[in-house]
Amino acid sequence: MTNRKVYLDNACTSIVQPAVLAAADRYTDLYRNSTKSASDVTRECRTYLETAREASAKLIGCGAHEIALIEGTSHGLGIIAGLLPLTKEDNILVADLEYQASVLCFVPRQKAIGFEIREVKTQNGELSLADFKKYFDDHTRAIVVAAVQEINGWRTDIREIADFLAGKNCYLIVDGVQEAGAMQVNVKETGADFYCAGGKKWIGNPFGKGFLYVKEELIPRFEPAFYSYFKIEMRGGYRDYITYLEDPARDPFDEYELIQKASKFENGGYDNYLGALGLTEAIELQLSIGTEKIEKRIKELAKRYMDGLDRLGLRTNSSRDDAHRSGIVAFNFGFKNSSIEKERRLIPFLQERNIYVSLRSSTGVGGIRTSIHYYNTEEDIDALLAGIRDFLEQEK
């Protein structure tokens with residue numbers, strides 16, 4: 001039994017680093033500072049959004065103007081679902097491995113319009129272009145896919161799907177929440193049209209803020225659900241919107257232009273500025289370490305764990321192919337008659353030993369989900385394997 005906490009549940013929520021938690025102090029200190037006017041406080045808060053967009057763009061390899069800040073992945077998917085031009089004859093493709101939000105975000109529009117949300121069947125927890133091709137037709141308007149599957153960590157070849165969609169009237173929407181912060185991402189190289197990720201998982205921001213990437217050429221094509229005052233550019237050369245508010249000649253019917261940046265899809269009013277601060281700090285911390293080093297470390301520890309499961313006679317349903325590996329490794333005891341009672345007994349058994357993993361299952365795969373981050377150690381992996389070994393001995 002280990003005396004320290006062995007935390008291997010990063011696919012749920014990662015450990016928050018001190019520098020990120022300190023963002024809360026910086027934010028509250030701003031409001032404690034009586035020397036600043038309310039307008040100056042607002043101006044400073046708006047800079048937090050700018051820096052968060054810039055940091056997010058660095059993390060995934062795009063321009064800051066292609067980033068909109070969101071509350072979480074589901075929020076980002078919901079924004080996208082509201083943008084797409086869909087008719088009753090259309091369909092979108094979602095694989096049976098996906099998290100439920102990938103379907104739920106389209107349901108209100110499906111009820112209003114009548115298009116089909118088409119289930120793409122997969123085998124053995126793997127997903128490829130070939131699976132989507134079976135269900136694709138001339139009326140397919142979007143493919144919604146996770147870069148990394150939350151159940152077993154399967155990493156999909158997004159570039160392959162994007163190449164297939166080239167020249168077709170179909171958008172590629174990528175849920176990146178189990179990829180960004182753990183694996184290297186260059187969203188331009190993937191060819192995705194949209195890519196979104198909340199900040200609380202692998203990125204390590206607990207304050208309710210993530211990002212949505214919208215490919216540059218698509219930004220002017222779509223209208224936001226509504227306009228608001230921080231989404232517009234006023235005519236007249238004002239330094240900022242607050243300066244415009246000071247003008248006695250203004251009125252609510254003044255002419256304006258909608259900004260042509262991805263930020264036009266944000267709420268456009270008072271925002272979650274603390275979340276933006278936390279997102280910046282979390283991303284800058286990872287960039288200082290290096291995304292290449294983070295991915296390498298995660299994959300090394302994941303291999304150590306999979307090799308250990310082999311020695312225990314347990315078969316993982318996560319990929320060993322480097323192109324499809326991630327920080328998530330899952331195994332189960334067979335799911336006989338869809339039973340997960342043995343897996344359920346293992347979770348508290350490990351927690352009594354200060355070891356934390358998850359139980360996540362879907363579509364016949366998953367089970368005990370271990371999600372490994374760069375700050376985990378070889379000792380963490382060995383402690384988990386020892387705990388599983390002791391459990392198996394007890395179950396005999």
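Residues numbered from 1 in each chain as written. Predicted model: local features only at pLDDT ≥ 70, side-chain atom pairs only at ≥ 80, totals over all residues. Heavy atoms only, no water.

Points about the sheet that holds strand β14 (residues 365-371)
Part 1 of the argument: Sheet architecture is open: 3 strands sit in the order β11-β14-β13, paired in antiparallel fashion. One side of each edge strand has no neighbouring strand; the edge strands of this open sheet are β11 (328-331) and β13 (358-362). Taking each pair of neighbouring strands and ignoring which way they run, the sheet shows an average axis angle of 40°.
Part 2 of the argument: Bridge count between β11 and β14: 4 bridges; the pairing is antiparallel. Looking across to β14, one finds that Ile328 is bridged to Ser371. (Pairing = 2+ DSSP bridges. Helix = DSSP H or I, 4+ residues; strand = E, 2+ residues; numbered from the N terminus. Axes fitted to C-alpha atoms, helices over the stretch in contact; angles between N-to-C directions.)

Section: the packing of aromatic side chains
Part 1 of the argument: With the rule as written, the count across this model stands at 17 aromatic pairs.
Part 2 of the argument: Ring geometry for Phe349 against Phe391: centres 5.4 Å apart, planes inclined by 65°, an arrangement best described as edge-to-face. Remark: Phe391 occurs in helix α13 (residues 378-395) and Phe349 occurs in helix α12 (residues 341-351); sequence separation between them is 42 residues. As far as the burial class goes, Phe349 and Phe391 line up, both buried.
Part 3 of the argument: Aromatic rings pair up to connect Tyr229, Phe230, Tyr238, Tyr241 and Tyr244 into one cluster.
Part 4 of the argument: Sitting over the face of the ring of Phe164, Lys168 holds its NZ or CZ atom 4.3 Å from the ring centroid.
Part 5 of the argument: The ring of Phe349 carries the charged tip of Arg353 above its face, separated from the ring centre by 3.6 Å. (Phe/Tyr/Trp six-rings, centres within 6.5 Å; stacked < 30°, edge-to-face > 60°. Buried < 20%, exposed > 50% of the residue type's maximum accessible area, 1.4 Å probe, protein only. Lys NZ or Arg CZ within 6 Å of the ring centre and 35° of its normal.)

Re the side chain of Ser358
Part 1 of the argument: Among the secondary structure elements, Ser358 is positioned in strand β13.
Part 2 of the argument: By relative accessible area, Ser358 is classed as buried at 4%.
Part 3 of the argument: Among the polar contacts made by the side chain of Ser358, one reaches the side chain of Asp9 at a distance of 2.4 Å.
Part 4 of the argument: Excluding residues that lie within four positions of it along the chain, Ser358 makes contacts with Asp9, Ile347, Gly367, Ile368 and Arg369. (Polar contact = N/O pair within 3.5 Å; in protein donor to acceptor, adjacent residues only side chain to side chain. Contact = heavy atoms within 4.5 Å.)

Digging into the nonpolar core
Among soluble globular proteins, nonpolar side chains are generally buried collectively.
Part 1 of the argument: In terms of nonpolar packing, the biggest core is built from 55 residues, with Ile60, Ile143, Val145, Leu172, Tyr195 and Phe211 touching the most fellow members.
Part 2 of the argument: Ranked by residues supplied to this core, first place goes to helix α2 (residues 38-60) with 9 residues.
Part 3 of the argument: Residue contacts for Val145: discarding those within four places in its chain leaves Glu98, Leu127, Phe132, Thr156, Ile158, Ile161, Leu172, Ile173, Val174 and Asp175.
Part 4 of the argument: Of all hydrophobic cores here, the second largest spans 29 residues; its members include Ala81, Leu83, Leu84 and Ala101. (Core = buried A, V, L, I, M, F, W, Y, C linked by side-chain atoms within 4.5 Å.)

A few points about the packing of α12 against α13
Part 1 of the argument: It is the contact of α12 with α13, at a shortest axis distance of 10 Å, that shows an interaxial angle of 125°. By the angle between their directions, the pair α12 and α13 is classed as oblique. Crossing geometry of α12 relative to α13 is assigned as right-handed. In contact with Lys342, Arg345, Leu346, Phe349 and Leu350 of α12, α13 contributes Leu384, Gly387, Ile388, Asp390, Phe391, Leu392, Gln394 and Glu395.
Part 2 of the argument: Of the residues contributing to the contact of α12 with α13, the split by class is 7 nonpolar, 2 polar and 4 charged. (Parallel < 35°, antiparallel > 145°, perpendicular 65-115°, else oblique. Left-handed = near helix turned anticlockwise from the far one by under 90°. Nonpolar A, V, L, I, M, F, W, Y, C, P; charged D, E, K, R; others polar.)

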